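Coordinate analysis (summary)
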Amino acid sequence: MTEEDAVKRIGIIGVGEIGRAIVAGLCDGADRPPEVFLSPRGAGTVAELSERYASVRVCAGNQEVVDRSEVVIIAVRRHDRHDALAGLRVAGDKVVVNVMAGVGTDDLRRTLATDAPLVRAIPLPTVRERRSVTVTYPSHPVADSLFEHLGGVLPVADEAAFNVFSALTGTLTTHYSYLATLTRWTADHGIDPGDADRYVRGLFQGVGRSLGDETRSLHQLAADHETPKGNNERIRTTWFTPANAQALGKALDDLLADL
Ligand SMILES: NC(=O)C1=CN([C@@H]2O[C@H](COP(=O)(O)OP(=O)(O)OC[C@H]3O[C@@H](n4cnc5c(N)ncnc54)[C@H](OP(=O)(O)O)[C@@H]3O)[C@@H](O)[C@H]2O)C=CC1
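Residues numbered from 1 in each chain as written. Predicted model: local features only at pLDDT ≥ 70, side-chain atom pairs only at ≥ 80, totals over all residues. Heavy atoms only, no water.

1. Topic: the site of the ligand
The condition is simple: Being near a molecule or strand, for a residue, comes down to having at least one heavy atom within 4 Å of it. Between N or O atoms, a polar contact is any pair within 3.5 Å; within protein, one atom must be a potential hydrogen donor and the other a potential acceptor, and residues adjacent in sequence are included only when both atoms are from side chains. Residue burial considers only the protein chains on display, and all accessible areas are found by Shrake-Rupley using a 1.4 Å probe. The definitions used throughout rest on a 1 Å grid laid over the protein atoms alone, on which a cavity is an enclosed set of points accommodating a 1.4 Å probe that cannot get out and a pocket is an open set flanked by protein within 12 Å on both sides along at least five of seven lines; lining residues are those having an atom within 4 Å of a point. Put plainly, a molecule is in a cavity or pocket when over half of its atoms are within 2 Å of the grid points there.
Taken together, 20 residues surround the ligand, and among them Glu-17, Ile-18, Arg-41, Val-76 and Arg-77 come closest. The separation between an oxygen atom of the ligand and a polar side-chain atom of Arg-41 is 3.0 Å. Surface burial for the ligand is 75%, taken as the share of its 890 Å² of free accessible area covered by protein chains. The pocket occupied by the ligand, as judged from atoms lying within 2 Å of grid points, is the second largest pocket.

Here is the structure:
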């Protein structure tokens, strides 16, 4: 994205975990950060962000966020959306980016009663370091260039495809819990919990790094880490059985049906 293309005024309604990560991604170390306008809820967080970044300002209310911005990012929790948004006036020349999981475009259009383009997006917390590949639908040049700047953008063809990616992001904390379970098992066998924690983190940081090697498929990476009849093959085939894989697929299907 060139400086000329860059969105210059970005509003965020709902400044919690993901809102704060987006602000950091936009402003941290940026030569010419955009002006960012924040909704006032979460007074401690927004005050801290406006102190840390000169281009960030806290607005008196959500309508002011909309009025000052070219792009408005909606990042409240799903069940807070009516309180946060009902009655706002959103002119047709704004672009609204909806990052709320499980809130479709039709639903948001009813709440906002606007003709403005509405774009759904799935930013991940790594937008903070400008390393999230953000899925968007529908593709919109302004929203796509915003997320391109935050680590990359993956526009998809329809809302059904968007929901498939959205379901995938629901597996993240399971992954952390899997690692915590390995650590607990290690400590249960008499290993110092600090050593267990450090070792498990190190093991899987190695996995994270090898995922960066896109010349090898995921199956190839697995095969490269596995000795025939070795320990990895044993755990994979005795624990991650076809029934286990099927149960994971079913949990994802059930989630998808609710999105
Ligand atoms: N966390 C993540 O990794 C991701 C989250 N999302 C989506 O982003 C949304 C927010 O998630 P997350 O950041 O985790 O949630 P948080 O609870 O951390 O943040 C939500 C923020 O919205 C604020 N808020 C509530 N009501 C209003 C209102 N009426 N006007 C303005 N702000 C309001 C809350 O303030 P208060 O604390 O005072 O209630 C809080 O600061 C969710 O819909 C989620 O699905 C999407 C992608 C990734």
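Following the structure, the description resumes.
2. Some points on the pairing of strand β6 (residues 118-122)
Every regular strand shows the same layout, with side chains that alternate between the two sheet faces. Stated formally: Accessibility here uses a 1.4 Å probe with only protein chains present; expressed as a share of the type maximum, an area under 20% marks a residue as buried, one over 50% as exposed, and anything in between as partly exposed. Here a helix means four or more residues in a row that DSSP labels H or I, a strand means two or more in a row labelled E, and each is numbered from the N terminus. Here, a strand pair is defined by DSSP locating no fewer than two bridges between the strands. If the strands point away from the viewer and the path from the first strand over the helix to the second runs clockwise, then the crossover is right-handed.
Buried residues dominate β6, accounting for five of its five residues. Sheet topology places strand β5 (residues 95-98) next to β6; three bridges connect them, and they run parallel. Across the sheet, the residue bridging to Val-97 is Val-119, located in β6. Remark: the β5/helix α5 (residues 105-112)/β6 crossover connection has right-handed handedness.

3. Overview of the UniProt feature "domain: Pyrroline-5-carboxylate reductase catalytic N-terminal" (unreviewed entry) in the protein chain
Just so we agree on the cut-off: UniProt positions are given in the numbering used here, feature names are shortened, and annotations may be inferred rather than shown by experiment.
Feature annotation in UniProt places "domain: Pyrroline-5-carboxylate reductase catalytic N-terminal" (unreviewed entry) on residues 9-102, given in this structure's numbering. Segment residues 9-102 splits into 35% helix and 21% strand. End C-alpha atoms: 26 Å apart.

4. Describing the domain arrangement of the protein chain
So the rule is basically this: The source of the domain bounds is an automatic or database domain assignment.
Splitting the protein chain by domain gives domain 1 (9-157) and domain 2 (172-258). On a C-alpha basis, the centres of domain 1 and domain 2 stand 33 Å from each other.

5. Description of the environment of Thr-174
Assignment of secondary structure puts Thr-174 in helix α8 (residues 172-188). With 158 residues separating them along the chain, Thr-174 and Gly-16 place their C-alpha atoms 21 Å apart.

6. Here we look at the layout of surface pockets
So the rule is basically this: Grid points are joined across faces, edges and corners, and a volume is the space filled by probe spheres set on the points. Three classes are used: nonpolar for Ala, Val, Leu, Ile, Met, Phe, Trp, Tyr, Cys and Pro, charged for Asp, Glu, Lys and Arg, and polar for all others, with Gly counted as polar.
In this structure, the second largest pocket occupies an estimated 1100 Å³ of space. The wall of the second largest pocket is formed by 37 residues, among which Ile-18, Ala-75, Val-76, Arg-77 and Val-99 lie closest to the centre. For the lining of the second largest pocket, the elements supplying multiple residues, two or more each, are α1 (17-27), α4 (81-85), β6 and α7 (159-169). In terms of residues, the lining of the second largest pocket owes the most to one element, α7, which gives four residues. Along the lines of polarity and charge, the residues of the lining of the second largest pocket split into 20 nonpolar, 10 polar and seven charged.

7. Observations regarding the packing of α8 against helix α9 (residues 193-211)
Here is the rule: Axes, fitted as lines to C-alpha atoms, cover a helix only where it is in contact. Angles between the N-to-C directions of the axes lie from 0 to 180 degrees. Orientation is classified from the angle alone, with under 35 degrees giving roughly parallel, over 145 giving roughly antiparallel, 65 to 115 giving roughly perpendicular, and any other angle giving oblique. What makes a crossing left-handed is the near helix being turned counterclockwise from the far one by less than a right angle; a clockwise turn instead makes it right-handed. Contacts were defined at the residue level, with two residues in contact if any of their heavy atoms lie within 4.5 Å.
Orientation of α8 relative to α9, taken along the N-to-C sense of each, is 140°, at an axis distance of 9 Å. By the angle between their directions, the pair α8 and α9 is classed as oblique. Relative to α9, α8 is oriented so that their crossing is right-handed. Contact with α8, carried on its side by Tyr-178, Leu-179, Leu-182, Thr-183, Thr-186 and Ala-187, involves Pro-193, Ala-196, Asp-197, Val-200 and Phe-204 of α9 and no other residues of that element. Classifying every residue of the contact of α8 with α9 gives eight nonpolar, two polar and one charged.

8. What about a nonpolar patch on the surface?
As a reminder of what qualifies: Patch rule: a residue counts if its relative accessible area is over 30% and it has no salt bridge; like charges are joined within 9 Å, and nonpolar side chains (Val, Leu, Ile, Met, Phe, Trp, Tyr) within 5 Å. For salt bridges, the criterion is a side-chain nitrogen of Lys or Arg within 4 Å of an Asp or Glu carboxyl oxygen.
Taken together, Tyr-178, Ile-235, Trp-239, Phe-240 and Leu-248 make up a surface patch of nonpolar side chains, about 500 Å² in accessible area. Structurally, the position occupied by Leu-248 is in helix α12 (residues 242-258).

9. Topic: α8
Cut-off, in case you're wondering: The span one expects for a helix is its residue count, reduced by one, times 1.5 Å. Each direction from the helix axis to a C-beta atom contributes to the arc, which is the arc of those directions.
The terminal C-alpha atoms of α8 lie 25 Å apart, and with 17 residues this matches the ideal 24 Å at 1.5 Å per residue to within 8%. Regarding α8, the residues found buried are Leu-179, Thr-183 and Thr-186. Considered in projection along α8, the buried side chains sweep an arc of 60° and stay on one side of the axis. Away from the buried face of α8 by more than 90 degrees, exposed residues Thr-173, Thr-174, Arg-184, Trp-185 and Asp-188 are located.

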